[in-house]
Amino acid sequence: MLTIGTLGKKTGTKVQTIRYYEQIGLLPEPGRTEGGQRRYADTELDRLSFIRHSRQLGFSLEAIRELLDLSDNPNRPCHEADAIARRQLDQVDQRIARLEALRKELKRMVHECSGGNTSDCRVLEVLRDHSECLTKHDEIGA
């Protein structure tokens, strides 16, 4: 049995986050010692590792809840998990497209900067007036 601190260290998760996951039902309420300390088994370690890795891949808490439900019910069809992962992939693709547009716009702003006074600064001009942008970076992935 693991303490909350040990569980946190093994998974790289803060104690407050573990408690939060318990509060919202992603992790079950742990067993407790007579003194009231939380104790976790390997099943909770595996579940928290699953949650942590899912978060690192950008899954929302609701998507993780769905994935955990699928994991807890192994006879359900895999296509449901695949659909959740595909949604996440679409969101990542949208973010990448937006970041690429932002990168392009920032490179252009920096390249057009003459290095003179701030009164003639191209970077500041573009930031003041969105119509000066050449990309629709605010609309991509929105």
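Refer to the structure presented above.
Residues numbered from 1 in each chain as written. Predicted model: local features only at pLDDT ≥ 70, side-chain atom pairs only at ≥ 80, totals over all residues. Heavy atoms only, no water.

We now examine the side chain of Thr13. Counting through the fold element by element, Thr13 comes out in the loop between helix 1 (4–11) and helix 2 (15–23). A distance of 2.9 Å separates a polar atom in the side chain of Thr13 from a polar atom in the side chain of Thr11. Here Thr13 is in contact with Gly8, Ile18, Leu48 and Arg52, once residues within four sequence places are set aside. (Helix = DSSP H or I, 4+ residues; strand = E, 2+ residues; numbered from the N terminus. Polar contact = N/O pair within 3.5 Å; in protein donor to acceptor, adjacent residues only side chain to side chain. Contact = heavy atoms within 4.5 Å.)

Our focus in this paragraph is helix 3 (residues 42–56). Here helix 3 spans 21 Å end to end across 15 residues, near enough to the 21 Å set by a 1.5 Å rise per residue. For helix 3, the full list of buried residues reads Glu44, Leu45, Leu48, Ile51 and Ser54. Where helix 3 is buried, its residues contact helix 1, helix 2 and helix 4 (61–72). Following helix 3 by one or two positions, Gly58 adopts a phi angle in the positive range, close to 90°. (Expected span 1.5 Å × (residues − 1). Buried < 20%, exposed > 50% of the residue type's maximum accessible area, 1.4 Å probe, protein only.)

On to the pattern of salt bridges, then. What the rule picks out here adds up to nine salt bridges. Close ionic contact of Glu80 with Arg76 constitutes a salt bridge, the shortest N to O distance being 2.4 Å. A relative accessible area of 24% places Glu80 in the partly exposed class. Exposure remark for Arg76: the relative accessible area of 34% places this residue in the partly exposed category. Note that Arg108 is salt-bridged to Glu105, the shortest N-O span being 2.3 Å. Of the two residues, Arg108 and Glu105 are both situated in helix 5 (residues 79–111); the distance of three residues between them amounts to about one turn of the helix. Each member of the pair, Arg108 as well as Glu105, carries the same accessibility label: buried. Each of Asp69, Arg76 and Glu80 takes part in a single network of salt bridges with overlapping partners. (Salt bridge = Lys/Arg side-chain N within 4 Å of Asp/Glu carboxyl O.)

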